[in-house]
Amino acid sequence: MKRFKFLLTALFSTLLTLLVVTACNSADTNSNVLVMATSADYPPYEFIDSSSGQEEIIGFDIDIAKYIAEKNGKTLQINNIDFNGLIPALQAKRADLVMAGMTPTEERKKSVDFSEVYYEAKNTIVSKKGANLTTADTLKGKKVGVQLGSIQQGVAEKIPGITMQPLNKINEIVQEIKAGRIEAAIIEDTVAKGYIAANPDLEFNLLPNSEEAGSAIAFPKGSPLPARFNPVLQEMKSNGKLEELVKKWFGEDSPALKKASGA
Ligand code: ARG
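Peer 1: How do you make sense of helix α8 (residues 225–238) when you look at a structure like this?
Peer 2: Every α-helical turn comprises 3.6 residues, leaving residues that sit three or four positions apart pointing alike. Helix length check: α8, at 14 residues, gives a terminal C-alpha distance of 20 Å against a target of 20 Å (1.5 Å per residue), a fit within 8%. Packing partners of the buried residues in α8 comprise β1 (33–38), α2 (60–71), β6 (97–98), β7 (112–119), β13 (215–220) and α9 (241–250). Just past α8, the residue Gly240 takes up positive phi, approximately 85°.

Pasting the structure below:
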């Protein structure tokens, strides 16, 4: 009898553990919470705003994610991790989605699924003002910063004769340029714009013939979410919501641009 009781208790606690583990598992698409991972070093896509005294992640991607979550009757939980850890987080099902200005490359499509593209961007060379680094050729012999795991790292790898310096966060890269430890960096136009607005000692030049660096939402492979997200993205494109958010976050006099990069 004692033994039976023991077995029963053991069985019960195993079941309980299982239940708790399942409940905590972010990638449970039936739950009311959508867990989104991002790398909040990328104004105006996503960045940390501490103006209210509390740290809050805000930006273009965050507004889109909240809109889509709401349309799906879900609340959003945002986890901030380094860009390089985002795809592994999806693969480990530690997140239901990633919005991080992430480009849907063929290489990444082997590991994750993507929504349709919601914003197009281009690559630029960021440097000290007057450095005259305007084409890939001018970067020969130079130390060039890129974000670890980004498509910009891939772009830099193809430029012969440069010393590539992969770093975890965009603001670290910007600080390295300002300190003169690296001469340039490859960064997306909209992000570069914000950092240049906040750092008048820097400039950016569009990288000629640069491949597009558009953004899409990433999901674990086989996730049912793209089918629910794409129609809302479509709707946002046709009802002007997306345009409104583009103006809010990327517009010339968007206060977000300056505040975003205020180092
Ligand atoms: N679009 C580029 C890529 O997919 C860079 C994105 C970086 N995003 C970020 N939140 N730091 O590789």
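Peer 1: Quick question: what am I supposed to make of the nonpolar core here?
Peer 2: In a soluble, globular protein the nonpolar side chains are often hidden away together inside. Within the largest apolar cluster, 48 residues are counted, with the highest numbers of intra-cluster contacts made by Phe60, Ile64, Ile217 and Met236. The biggest single contributor to this core is α2, with seven residues. Leave out the neighbours within four places in its chain, and Ile64 touches Met99, Tyr118, Leu233, Met236, Leu242 and Leu245. Judged by nonpolar contacts, the second largest core, of 14 residues, contains Leu90, Ala95, Met102 and Ala218.

Peer 1: Before we go on, may I ask you to explain the site of the ligand in this structure?
Peer 2: Among the 15 residues in the neighbourhood of the ligand, the closest are listed as Ala100, Arg108, Gln147, Ile151 and Glu188. Contact distances for the ligand include 3.0 Å between a nitrogen atom and a backbone N or O atom of Ser39. Residue Glu46 places a side-chain N or O atom 3.2 Å away from a nitrogen atom belonging to the ligand. A total of 350 Å² of accessible area belongs to the ligand in isolation, and the protein chains cover 100% of it. Listed by contribution, the elements that provide at least two residues to the shell around the ligand are β2 (41–42) and α5 (151–157).

Peer 1: Looking at this structure, how should I read the pairing of strand β11 (residues 184–188)?
Peer 2: Within β11, five of the five residues are buried, which leaves it mostly tucked inside the rest of the structure. Residue alternation in β11 divides its side chains into two sets, Ala184, Ile186 and Glu188 and Ala185 and Ile187, and both sets are buried. Looking at chain direction, strand β8 (residues 123–128) and β11 are connected through five bridges and run antiparallel. Along β11, the bridge assignment pairs Asn123 with Glu188. In terms of strand pairing, strand β9 (residues 143–147) meets β11 through two bridges, oriented parallel. Residue pairing in the sheet places Val144 in a bridge with Ala184 of β11.

Scoring rules and cut-offs
Residues numbered from 1 in each chain as written. Predicted model: local features only at pLDDT ≥ 70, side-chain atom pairs only at ≥ 80, totals over all residues. Heavy atoms only, no water. Helix = DSSP H or I, 4+ residues; strand = E, 2+ residues; numbered from the N terminus. Expected span 1.5 Å × (residues − 1). Contact = heavy atoms within 4.5 Å. Core = buried A, V, L, I, M, F, W, Y, C linked by side-chain atoms within 4.5 Å. Buried < 20%, exposed > 50% of the residue type's maximum accessible area, 1.4 Å probe, protein only. Near = heavy atom within 4 Å. Polar contact = N/O pair within 3.5 Å; in protein donor to acceptor, adjacent residues only side chain to side chain. Areas by Shrake-Rupley, 256 points an atom, 1.4 Å probe, with all protein chains shown as cover. Pairing = 2+ DSSP bridges.

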